[in-house]
Amino acid sequence: MSASSVIAAGETHADRVATEIEALLSPYLHKGEKMPNIALLAHLVTRALADARERMVTADEALEDELADDGPPREGRDEVAHELHDELTDLRDWLTSLYGAAALEQLGFAEATPHDPVQLERFAGEVTRALSNNELPKPRRDGVRWDVDDAVLRIERRRDALLSHLKDVAREAREAEATRMAKSTAIALYDERFGRVATFLGGLFRLAGHGDLANQVRPSSRRSGLTEADAPSAAPASVAPARRGGSTPENG
């Protein structure tokens, strides 16, 4: 892992590199000036990188935990939606047999019963309002009676349960999005800090005369958050196959 290698390089070589830089620059100190604590500075930037890496890991784990608890609310929503759909389907069949298909629109069944939970909750509300507010048509068979209030109550109970589950699912979606944004922010912070710290340490190593160490921590120009050594190599460019007879393609 690039962060680990950069941090290890900084912590391992900080004191030796600091001593060598001090030897290089101390002859140029003016009267009253003091050499800065280069070793401490190297340790501080590695700690800053370690902190950014830890924040990124924590944010990733938080997103995994958040996504892991999305299942039960969705399962509850789907179960109640299935029950409500069955209830409305049975009611549609009953109303068709009792009043005829022509009366369905008046009774709230102006369209096919949807399967989507959000649309189903809205549709159930339209049905209960139609049954509660409209005068029922005359049954096709004399003497047949049914309790419309009981039917409305059963639908409303399932609709209320579905609405509660829909709110739970929406809340989980908002929380997941917030956690996902926090992860993206943590990754961006890590990538930015990695580049700054690796570049800084590489400069110290090179100033001390250790080009090999500087090359080890040099940040990749292809992949953020990785050293040049750890970044995957670019895929080789594809070469057009030669034509039959050994001739190469010509422009035009």
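Here's what I pulled together on the structure shown here. A quick note: this is a predicted structure, and the numbers were derived from the prediction, not measured.

Here we come to the overall build of the chain. Regarding its fold elements, the chain presents six helices and zero strands. Helices (α) and strands (β) of the chain occur, in sequence order from the N terminus, as α-α-α-α-α-α. Taking 18 Å as the expected radius of gyration for a compact globule of 252 residues, we find that the chain reaches 35 Å, considerably beyond that expectation. When contacts within the chain are restricted to residue pairs at least 6 apart in sequence, those whose partners lie at least 24 apart make up 71%. Approximately 15700 Å² of the chain is accessible, and the part contributed by carbon and sulfur atoms is 52%. Across the chain, the mean location of the 32 positive side-chain charges is 5 Å away from that of the 44 negative side-chain charges.

Scanning the entire structure with this criterion turns up one cavity of 30 Å³ or more. Roughly 30 Å³ of internal volume is contained in the largest cavity. Lining the largest cavity are Gly10, Ala14, Val17, Ala18, Ile38, Ala42, Leu201, Leu204 and Phe205. Every element with two or more residues in the lining of the largest cavity is listed here: helix H1 (2–25), helix H2 (38–68) and helix H5 (148–207). When residues in the lining of the largest cavity are grouped by element, the largest group, four residues, is from H1.

For the rest of this paragraph, the subject is helix H4 (residues 117–133). A rise of 1.5 Å per residue sets the reference length of H4, with its 17 residues, at 24 Å; its end C-alpha atoms lie 24 Å apart and thus fit the reference within 8%. Of all the residues in H4, the buried ones are Pro117, Leu120, Glu121, Phe123, Ala124, Gly125, Val127, Thr128, Ala130 and Leu131.

Definitions and limits used
Residues numbered from 1 in each chain as written. Predicted model: local features only at pLDDT ≥ 70, side-chain atom pairs only at ≥ 80, totals over all residues. Heavy atoms only, no water. Helix = DSSP H or I, 4+ residues; strand = E, 2+ residues; numbered from the N terminus. Rg over C-alpha atoms; globule rule 2.2 N^0.38 Å. Contact = heavy atoms within 4.5 Å. Areas by Shrake-Rupley, 256 points an atom, 1.4 Å probe, with all protein chains shown as cover. Lys, Arg positive; Asp, Glu negative; His and termini not counted. Charge placed at Lys NZ, Arg CZ, Asp CG, Glu CD. 1 Å grid on protein atoms, 1.4 Å probe; cavity = no way out; pocket = protein on both sides within 12 Å on 5 of 7 lines; lining within 4 Å. Points joined across faces, edges and corners; volume = space filled by probe spheres on them. Expected span 1.5 Å × (residues − 1). Buried < 20%, exposed > 50% of the residue type's maximum accessible area, 1.4 Å probe, protein only.

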